[in-house]
Amino acid sequence: MATTRLTITLALAAATLVAAVPASAAKPRLTTGPQPSATPAKALGIWSPTRFDSCPAALHDRYATRGPGGKLYPGWHPPVVRDPATDRRCTFGHEHGRDPRGSDLYRWVARHLGGGIPFGAASEALDAYAAANPGAATRHEDHVGHKIEWQNDVPLLRHTRTGARRPIGVTCDFLTKLHQGSHSADAFANDAHELIYAVRCDDGTRLLTTTFARISLRPRGLSETWASANRLATRAGRRIASWNPSFAVLDPAR
């Protein structure tokens, strides 16, 4: 099947190499009360309930977080919450993966991204780039595809000549946020998806990036593999870092 690929002029919409955050830094919280005065990002407020959803849009938009430039972005929320207006449980009809607050990297990542883990920050940066560079493409993704995954204390392994895997003595924490449109046909038409990738290892390695990653989608029967190869370099072409995460979807909703 032929597909149309969107050309993103600014492949790295925003990328940051970060330094350590003091352990005493206050832990950011999800914003679930009345929102402070702030400019909303374009990604905020785009979700509307369907006939299958019982939570109102106004409640959904209270799960916002500050991001780059102090703007308000949508952020992680549970799929089922209690509506304070009715004191009853209601559903949003979608989920965003694991609660990021369980990650050892959450406070570190949130501090550097403005207060939380924003959904749509790469699109906002790309809009700013396109405004200064007429003709550059922009990319905006739907809300429900944003998924968070993390893992703490992962021992890194290497392959031996016999095919066995052995620890190399380095342990890392990982946190990712990928827009994974496994619920729609968009993934078959566009290969650029927002990826927040964070890693911190006990050998001193630290990387935090927000990019539009080129995703290679590989359907395998009723499952899919979302693979990417990413590289951060200087203007002169010197490589700073590379990361190649792959994500498996065992039951795509489309």
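Computed from a prediction, not measured in an experiment: that's the story for all the values here.

Student: Can you walk me through the overall build of the protein chain in this structure?
Tutor: Summing up its helical and strand segments, the protein chain has 4 helices and 13 strands in all. Looking at the protein chain residue by residue over its 254 residues, the buried ones come to 43%. Sequence-distant contacts in the protein chain: of pairs separated by 6 or more residues, those separated by 24 or more amount to 62%. Accessible surface for the protein chain amounts to roughly 13500 Å². Of this, 51% is attributable to carbon and sulfur atoms.

Student: Can you walk me through unusual backbone geometry in this structure?
Tutor: Trans is the common state for peptide bonds, and a negative phi is the common state for residues other than glycine. At D87, a residue that is not glycine, the phi angle is positive and equals roughly 60°. Mapped onto the fold, D87 is located in the loop between β4 (80-83) and β5 (88-91). Residue D87 is classed as exposed on the basis of its relative accessible area of 54%.

Student: Would you take a moment to explain the state of the cysteines for this structure?
Tutor: Any covalent bond linking the sulfur atoms of two cysteines counts as a disulfide. By the definition in use, this model includes 2 disulfides. Shown here is the disulfide that connects C172 with C201, its sulfur atoms set 2.0 Å apart. Negative torsions about the S-S bond denote left-handed disulfides, and the value of about 100° found for C172 with C201 makes this one right-handed. One end of the pair, C172, is in strand β7 (residues 165-179); the other, C201, is in strand β8 (residues 192-201), with 29 residues separating them in the sequence. Take C172: its relative accessible area is 1%, and that puts it in the buried class.

Student: Even after reading the chapter, I still don't get the packing of aromatic side chains, so can you show me in this structure?
Tutor: Pairs of aromatic rings are described using the distance from one ring centre to the other and the angle between the two planes. All told, the structure shown has 4 aromatic pairs when counted by the stated rule. For the pair W47 and F92, a centre-to-centre distance of 5.8 Å together with 85° between the ring planes defines the contact as edge-to-face. Here W47, found in the loop between β1 (14-16) and α1 (57-60), pairs with F92, found in the loop between β5 and α2 (106-113); they are 45 residues apart in sequence, far enough to count as distant. Each of the two residues, W47 as well as F92, counts as buried. Here the aromatic rings of Y197 and W243 are separated by 6.2 Å at their centres, their planes lie at 20°, and the arrangement is stacked. With Y197 in strand β8 and W243 in strand β12 (residues 239-243), this residue pair connects regions lying 46 residues apart in the sequence. Considered together, Y197 and W243 belong to a single accessibility category, that of buried residues. Put simply, the rings of W47, Y63 and F92 pair up and form one aromatic cluster. Here the basic side chain of R98 rests over the ring of W150, its NZ or CZ set 3.6 Å away from the ring centre. Above the plane of the ring of W108 lies R200, whose end atom (NZ or CZ) is 5.2 Å from the centre.

Cut-offs and rules
Residues numbered from 1 in each chain as written. Predicted model: local features only at pLDDT ≥ 70, side-chain atom pairs only at ≥ 80, totals over all residues. Heavy atoms only, no water. Helix = DSSP H or I, 4+ residues; strand = E, 2+ residues; numbered from the N terminus. Buried < 20%, exposed > 50% of the residue type's maximum accessible area, 1.4 Å probe, protein only. Contact = heavy atoms within 4.5 Å. Areas by Shrake-Rupley, 256 points an atom, 1.4 Å probe, with all protein chains shown as cover. Disulfide = S-S within 2.5 Å. Phe/Tyr/Trp six-rings, centres within 6.5 Å; stacked < 30°, edge-to-face > 60°. Lys NZ or Arg CZ within 6 Å of the ring centre and 35° of its normal.

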